[in-house]
Amino acid sequence: MMIFSTDAKAGYNPVPLKGNCTRSCGKIKVPYPFGLEEGCSAREEFLLQCSHSHAASTLQLDIITVSDININQGLIASSSYNSFVQAGPIKSKLFNTYVDTSYNVQFAVANLTCQEAQRNTTGYACVSVNSTCLGVSTKHDGYIGYKCKCMTGFEGNPYTKYGCQDVDECLSIPGICRGICHNTAGSFYCTECPAKTEYDDWTKRCTDVKGQKHLLLGIVIGLSAGFGILLPVLSVRLLTDKWRKGIQKQMRRKNFRKNQGLLLEQLVSSDEKDTNRMNIFTLEELEKATNNFDQTRILGQGGHGMVFKGILSDQRVVAIKKSMVIKQSEITQFINEVAILSQINHRNIVKLFGCCLETEVPLLVYDFVSNGSLFELLQHNSSSGISLSWNDSIRIAVEVAGALYYLHSAASVSVFHRDVKSSNILLDENYTAKVSDFGTSRLVSIDQTHIVTKVQGTFGYLDPEYCQTGQLNEKSDLYSFGVVLLELLLRKKPIFTSDTGSKLNLATYFLQELKIRPLREIVAAKIYEESTEEEIEYIGSLVEMCLRPRGEERPTMKQVEMALQTLRTVVSNRCHIAKGNDQEEMQPLLRTSAEAINLVDAVNAFARHNQSCSCSSMVQEFMASAELPR
């Protein structure tokens, strides 16, 4: 890097040519003789450049990035050595040629000796009273000029008038005298302590001998009294904390036994080779994971409990559910269900990692799903800017149907979810559906078709037959899934407010509107724009079957999944061809579309003959046409 000067001996201005000069660049002070503006520096070589950005301010001397200017030492500190390495030695005669490892550059104000400078009264740089002139020499360049410095006992800027100020050593250096300190201009002197006083090393001044003894005695008495009071208080506090921790441990052990922890340990240890087996967490682990169940960690809450976001010690992110109170008579059943649910491993079902039994009500630990629920996406997409396409709607419907079919038929035992709804369908980072919240689920053996239980669920999704009989079966989940399909199709809530202000049930509204106007006028505008009329009729007929009042009139979840898979193939192929594929790819699409139309015809035929035929046989006939190769 080169810093040029037309005449390094002359051209120095002892007084700035301009007033009100800026003297800082960000946090870096720029004292005279340096400056940031024309007329604010003593010479052209000392004019620096200050640039500002969002991150910080940068001070440049040509390509040198300046981090500090030490006027008294005559040094410029740089924050980077790279510029020096790339540019080579500095060529200006006012700066040393080589830079040391501390990135410091020495400077001189003029290439003159002190004797020569002092004879030039109009251009002499050391204008401050109590300042002196010093020569600047370097190892490689020899003598390069002179600089100014405040005399011993003074500090400040020697390049400005009255810049060097007296240093009060008595204040700045406590204990400099073992007696009384007297400050003078540029120096100080000491005198002994007066009679009947002596120097106190603690207070750094002369104190009365008697007063000091009384003070020490008072301190000793005060400390003794303080420790005498503090010691019993601390002892009581420690004993109380120890007692409280003991009580907590006892309560945790009691809850663990009450919640059948030993039974769960036996169930877990029975298959040691299983890599997906249940984890039994301690309460301390989950408190640490949730920052003592901090309110800011709440993901959601409802009638069945509250869900917290947690980070385990292995950095795995989980959702921890604090359930409502469970009856003691149901604990054993609950533990068995938890052990079985932990074995469920399906890509569209939220994984249950484990539980904690040290609380009054067991805590459940699930995999964390990041993109919220399907309900939130459907109801808040206008504000978030995310809109669910027709293709994605069908994909999510297929994924949920597959998960429910797995629970009903493919798992080691049948699981009836009992609370299928859009807010219990979570979406991961790729918007893949995950069925969640098994707080009300019930397990039944494979050979059982239903169980009788207390009616539980969410209003708007509840199967009317289940409400009347209390008999829970797979068709109860199917009805609730039909309402979810309606949410995807109409983009309305299960209980919504009409234009007249009245509250309407979405399923009832759909079935009534279907009798008086075409389906294309009922579905959401976005669905109508992105789909074909055949596709709308197809899924509309399927929804109507799912919402039949009698469970035996409804298809099975497997049949619904296969029908939705067929529709997904139609929609995917149509979208694929719309993007510009050749005509040969039209044939499979046309065949699949024809099958879809046949399915609609079959549904309509079933509706016409519903009263004259056996329902179960007609369902079989209908689904025989629906069960296409997957």
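How each quantity is defined
Residues numbered from 1 in each chain as written. Predicted model: local features only at pLDDT ≥ 70, side-chain atom pairs only at ≥ 80, totals over all residues. Heavy atoms only, no water. Helix = DSSP H or I, 4+ residues; strand = E, 2+ residues; numbered from the N terminus. Buried < 20%, exposed > 50% of the residue type's maximum accessible area, 1.4 Å probe, protein only. Contact = heavy atoms within 4.5 Å. Areas by Shrake-Rupley, 256 points an atom, 1.4 Å probe, with all protein chains shown as cover. Core = buried A, V, L, I, M, F, W, Y, C linked by side-chain atoms within 4.5 Å. Domains from an automatic or database assignment. 1 Å grid on protein atoms, 1.4 Å probe; cavity = no way out; pocket = protein on both sides within 12 Å on 5 of 7 lines; lining within 4 Å. Points joined across faces, edges and corners; volume = space filled by probe spheres on them. Disulfide = S-S within 2.5 Å. Pairing = 2+ DSSP bridges. Axes fitted to C-alpha atoms, helices over the stretch in contact; angles between N-to-C directions. Parallel < 35°, antiparallel > 145°, perpendicular 65-115°, else oblique. Left-handed = near helix turned anticlockwise from the far one by under 90°. Nonpolar A, V, L, I, M, F, W, Y, C, P; charged D, E, K, R; others polar. Patch = residues over 30% accessible without salt bridge, like charges linked within 9 Å, V, L, I, M, F, W, Y side chains within 5 Å. Salt bridge = Lys/Arg side-chain N within 4 Å of Asp/Glu carboxyl O. Expected span 1.5 Å × (residues − 1). Phe/Tyr/Trp six-rings, centres within 6.5 Å; stacked < 30°, edge-to-face > 60°. Lys, Arg positive; Asp, Glu negative; His and termini not counted. Charge placed at Lys NZ, Arg CZ, Asp CG, Glu CD. Polar contact = N/O pair within 3.5 Å; in protein donor to acceptor, adjacent residues only side chain to side chain.

Draft legend 1. Main features of the overall build of the protein. Across its full length, the protein holds 17 helices and 29 strands. Considering the protein as a whole, with its 630 residues, one finds that 43% of them fall into the buried category. Residue pairs at least 24 apart in sequence account for 56% of intrachain contacts in the protein once pairs closer than 6 positions are excluded. Entry remark: accessible area of the protein is about 33900 Å², with carbon and sulfur atoms responsible for 52%.

Draft legend 2. Representation of the nonpolar core within the structure. Ranked by internal contacts, the top residues of the largest apolar core, which has 72 residues, are Phe481 and Leu564. Top contributing element to this core by residue count: helix H9 (residues 390-410), with 11 residues. Summarising the domain contributions, this core has at least three residues from each of domain 3 (260-368) and domain 4 (369-576 + 599-609). Once you skip the residues sitting within four places of it in the chain, Leu564 turns out to touch Ile394, Ala397, Val398, Ala401, Phe481, Leu485, Ile539 and Leu542. In this structure, Tyr32, Ala42, Leu61 and Leu112 belong to the second largest nonpolar core, which totals 33 residues.

Draft legend 3. Main features of empty space enclosed by the protein. Per the stated rule, a full pass over the model turns up 3 cavities of 30 Å³ or more. One number sums up the size of the largest cavity: a volume of about 80 Å³. Considering each element in turn, the lining of the largest cavity owes the most residues, 3 residues, to helix H11 (residues 474-490).

Draft legend 4. Examining the state of the cysteines more closely. All chains considered together, the criterion is met by 8 disulfides. Cysteine Cys355 is unpaired, with the sulfur of Cys356 as its nearest cysteine sulfur at 7.4 Å. The exposure class assigned to Cys355 is buried, which follows from its relative accessible area of 0%.

Draft legend 5. Inspection of the sheet that holds strand S7 (residues 104-106) at higher detail. Sheet architecture is open: 5 strands sit in the order S3-S4-S5-S6-S7, paired in antiparallel fashion. Where the open sheet ends on each side, the last strands, each with one partner, are strand S3 (49-52) and S7. Taking the axes of each pair of neighbouring strands and ignoring which way they run, one obtains an average angle of 45° across the sheet. Here S3 runs beside strand S4 (residues 57-61); their pairing, made up of 4 bridges, is antiparallel. Paired with Ser51 across the two strands is Thr58, which belongs to S4.

Draft legend 6. Layout of the packing of helix H12 (residues 506-516) against helix H14 (residues 533-546). At a minimum axis distance of 11 Å, the contact between H12 and H14 shows a crossing angle of 125°. Relative to H14, the element H12 lies oblique. Considering only the axes of H12 and H14, their crossing is left-handed. Contacts between H12 and H14 involve Phe510, Leu511 and Leu514 from the first element and Gly540, Val543 and Glu544 from the second. For the contact of H12 with H14, the residue count by class is 4 nonpolar, 1 polar and 1 charged.

Draft legend 7. Looking closely at unusual backbone geometry. Cis peptide bonds are those with omega within 30 degrees of zero, and the linkage from Tyr32 to Pro33 qualifies with 20°. With respect to the helices, strands and loops of the structure, Pro33 is situated in the loop between strand S2 (28-29) and S3. In this model, Asn130 sits at a positive phi of 65°, which is unusual for a non-glycine residue. By the secondary structure assignment, Asn130 is in the loop between helix H2 (114-119) and strand S8 (131-138). A residue is classified by how much of its surface remains accessible, and Asn130, at 28% relative accessible area, is partly exposed.

Draft legend 8. Structural view of a nonpolar patch on the surface. Taken together, the side chains of Leu223, Phe227, Leu230 and Leu234 define a hydrophobic patch exposed on the protein surface, amounting to about 410 Å² of accessible area. The topology assignment puts Leu234 in helix H4 (residues 209-258). Classification of Leu234 by relative accessible area gives partly exposed; the value is 44%.

Draft legend 9. Representation of H14 within the structure. With 14 residues, H14 should reach 20 Å at 1.5 Å per residue; the first-to-last C-alpha distance of 20 Å fits that figure. The element H14 is largely enclosed, with a buried count of 11 among its 14 residues. Taken residue by residue, H14 has Glu535, Ile536, Tyr538, Ile539, Gly540, Ser541, Leu542, Val543, Glu544, Met545 and Cys546 as its buried positions.

Draft legend 10. Region of interest: the packing of aromatic side chains. According to the stated counting rule, one finds 6 aromatic pairs in the structure shown. With a centroid separation of 5.1 Å and 85° between ring planes, the pair formed by Phe34 and Phe107 is classed as edge-to-face. Of the two residues, Phe34 is situated in the loop between S2 and S3 and Phe107 in the loop between S7 and H2; the sequence distance between them amounts to 73 residues. When the ring of Tyr124 is compared with that of Tyr146, the centres are 6.1 Å apart and the planes differ by 20°; the resulting orientation is stacked.

Draft legend 11. Spotlight on a positive patch on the surface. A cluster of basic residues, Lys245, Lys249, Arg253, Lys254 and Arg257, forms a positive patch at the surface. Mapped onto the secondary structure, Lys249 falls in helix H4.

Draft legend 12. Layout of H11. In this model, H11 (17 residues) spans 25 Å end to end at C-alpha, consistent with the 24 Å of a helix rising 1.5 Å per residue. Within H11, 16 of the 17 residues are buried, which leaves it mostly tucked inside the rest of the structure. In this structure Asn473 caps H11, since a side-chain oxygen of it lies 2.9 Å from the backbone nitrogen of Lys475. In the segment just after H11, Arg491 is the residue with positive phi, at about 60°.

Draft legend 13. Molecular detail of the pattern of salt bridges. Tallied over the full model, the rule gives 15 salt bridges. For Asp463, the salt bridge identified is with Arg554, shortest N-O distance 2.6 Å. Placement of Asp463 in the loop between strand S26 (451-452) and helix H10 (464-469) and of Arg554 in the loop between H14 and helix H15 (557-578) is noted, with a sequence separation of 91 residues between them. By the burial criterion, Asp463 is buried, and Arg554 matches it. Between Glu530 and Lys526 there is a salt bridge, with the nearest N and O atoms lying 2.5 Å from each other. Note that Glu530 and Lys526 are positioned in helix H13 (residues 525-530) at a spacing of 4 residues, about one turn of the helix. Taking the relative accessible area as the measure of exposure, Glu530 reaches 28% and is therefore partly exposed. The exposure class assigned to Lys526 is partly exposed, which follows from its relative accessible area of 25%.

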